[in-house]
Amino acid sequence: MFSMYAGQHADKPASKVARTLASLLGMVLLVLVLSWGLRTFLVQAYEIPSGSMEETIMTGDMVFSEKVSYYVGEPERGDIVTFADPEIPSRILIKRVIATEGETVDLVDGQVVVDGVTLNEPYTGGLPSYPLTPDPSANVTYPYTVGEGEIWVMGDNRTNSQDSRYFGAIDVSTVTGKAVLTYWPLDRIGLLS
């Protein structure tokens, strides 16, 4: 009789350990699935590797790009968007939308003109917007009319940005989200506009 009770007590700790491990594994799996779901459908974090959006977003800043806005609408002029690089699709770029489908962009005396109206662009810090030598495969001449399903994007740091002036308008389908918030470093936390 004594040995029978000893065997039953030995089975209970082993089954508790198995249940604990299974529970822990289930929680880890749940966290991984939720994390994947958030990144895939709601929000993605990015570290900014270049100065093309300075002073709005600085090199090394960490930003959140949300995806929900473009499930129900299209990018609009002024939005800061993340998108697949037209040359290296696995790389994500971040720029500001300057013009949308059907609008005509021109660069006149360092100013951006859309549909005949010079844009007020305080986010450029007064830097001029001159044409760049375009990629040989891009057909960029001014005035430039943005095609169907496309947007024209430019970095806020106009003298240090490879953007639509170089690669042309981008396809809206390559947009991965709308950058909405700088969350790092702490002294730069804030909404993007």
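Nothing here was measured: the structure is a model prediction, and the numbers come from that model. (Residues numbered from 1 in each chain as written. Predicted model: local features only at pLDDT ≥ 70, side-chain atom pairs only at ≥ 80, totals over all residues. Heavy atoms only, no water.)

What follows concerns the overall build of the protein. Regarding its fold elements, the protein presents three helices and twelve strands. Relative to the 2.2 N^0.38 estimate, which gives 16 Å for 193 residues, the radius of gyration of the protein is 25 Å and therefore markedly larger than a compact globule would have. Across its three principal directions, the C-alpha atoms of the protein cover 100 × 35 × 30 Å. Considering the protein as a whole, with its 193 residues, one finds that 37% of them fall into the buried category. Accessible area for the protein stands at about 11400 Å²; split by element, carbon and sulfur atoms hold 61% of it. Looking at the protein, you have 13 positive and 24 negative side-chain charges, and the mean spots of the two groups are 15 Å apart. (Helix = DSSP H or I, 4+ residues; strand = E, 2+ residues; numbered from the N terminus. Rg over C-alpha atoms; globule rule 2.2 N^0.38 Å. Buried < 20%, exposed > 50% of the residue type's maximum accessible area, 1.4 Å probe, protein only. Areas by Shrake-Rupley, 256 points an atom, 1.4 Å probe, with all protein chains shown as cover. Lys, Arg positive; Asp, Glu negative; His and termini not counted. Charge placed at Lys NZ, Arg CZ, Asp CG, Glu CD.)

Attention shifts here to unusual backbone geometry. In this model, Tyr142 is joined to Pro143 through a cis peptide bond whose omega is -5°. One can find Pro143 in the loop between β7 (117-118) and β8 (144-145). Of note, the bond from Trp184 into Pro185 is cis; its omega dihedral lies within 30 degrees of zero at 0°. Inspection of the secondary structure assignment puts Pro185 in the loop between β11 (175-184) and β12 (190-191). Positive phi outside glycine occurs at Asp109, with the angle close to 50°. By secondary structure assignment, the location of Asp109 is in the loop between β5 (104-108) and β6 (111-114).

Strand pairing in a sheet takes place through backbone hydrogen bonds and is either antiparallel or parallel in direction. Taking strand neighbours across the sheet as the criterion, the four strands line up as β7-β6-β5-β8 in an open arrangement whose pairing is antiparallel. This sheet does not close on itself; its edge strands, each paired only once, are β7 and β8. With two bridges connecting them, β5 and β8 associate as antiparallel partners. Bridge assignment links Thr104 to a residue of β8, and that residue is Thr145. (Pairing = 2+ DSSP bridges.)

The two faces of β5 differ: Val105 and Leu107 on one face are buried, but Thr104, Asp106 and Val108 on the other face are not. Sheet topology note: the β5/β6 ladder contains four bridges and is antiparallel. Note that in β6 the partner of Val105 across the bridge is Val114. Once β5 ends, the chain turns through two residues before running back antiparallel as β6, passing Asp109 with a positive phi of about 50°.

Once that is clear, we can look at the pattern of salt bridges. A complete count under the given rule lists seven salt bridges for this structure. The closest approach of N and O atoms between Arg77 and Glu103, which form a salt bridge, is 2.6 Å. Here Glu103 lies in the loop between β4 (92-100) and β5 and Arg77 lies in the loop between α2 (69-72) and β3 (80-84), a separation of 26 residues in the sequence. A salt bridge links Glu121 to Arg158, with the shortest nitrogen-to-oxygen separation between them at 2.8 Å. Of this pair, Glu121 sits in the loop between β7 and β8 while Arg158 is found in the loop between β9 (150-154) and α3 (164-167), placing the two residues 37 residues apart along the sequence. Look at Glu121 and you get buried, because its relative accessible area is 11%. The exposure class assigned to Arg158 is buried, which follows from its relative accessible area of 2%. (Salt bridge = Lys/Arg side-chain N within 4 Å of Asp/Glu carboxyl O.)

It is worth spelling out the side chain of Asp79 at this point. Position of Asp79 among the secondary structure elements: in the loop between α2 and β3. A distance of 2.7 Å separates polar atoms of two side chains, one belonging to Asp79 and the other to Tyr70. (Polar contact = N/O pair within 3.5 Å; in protein donor to acceptor, adjacent residues only side chain to side chain.)

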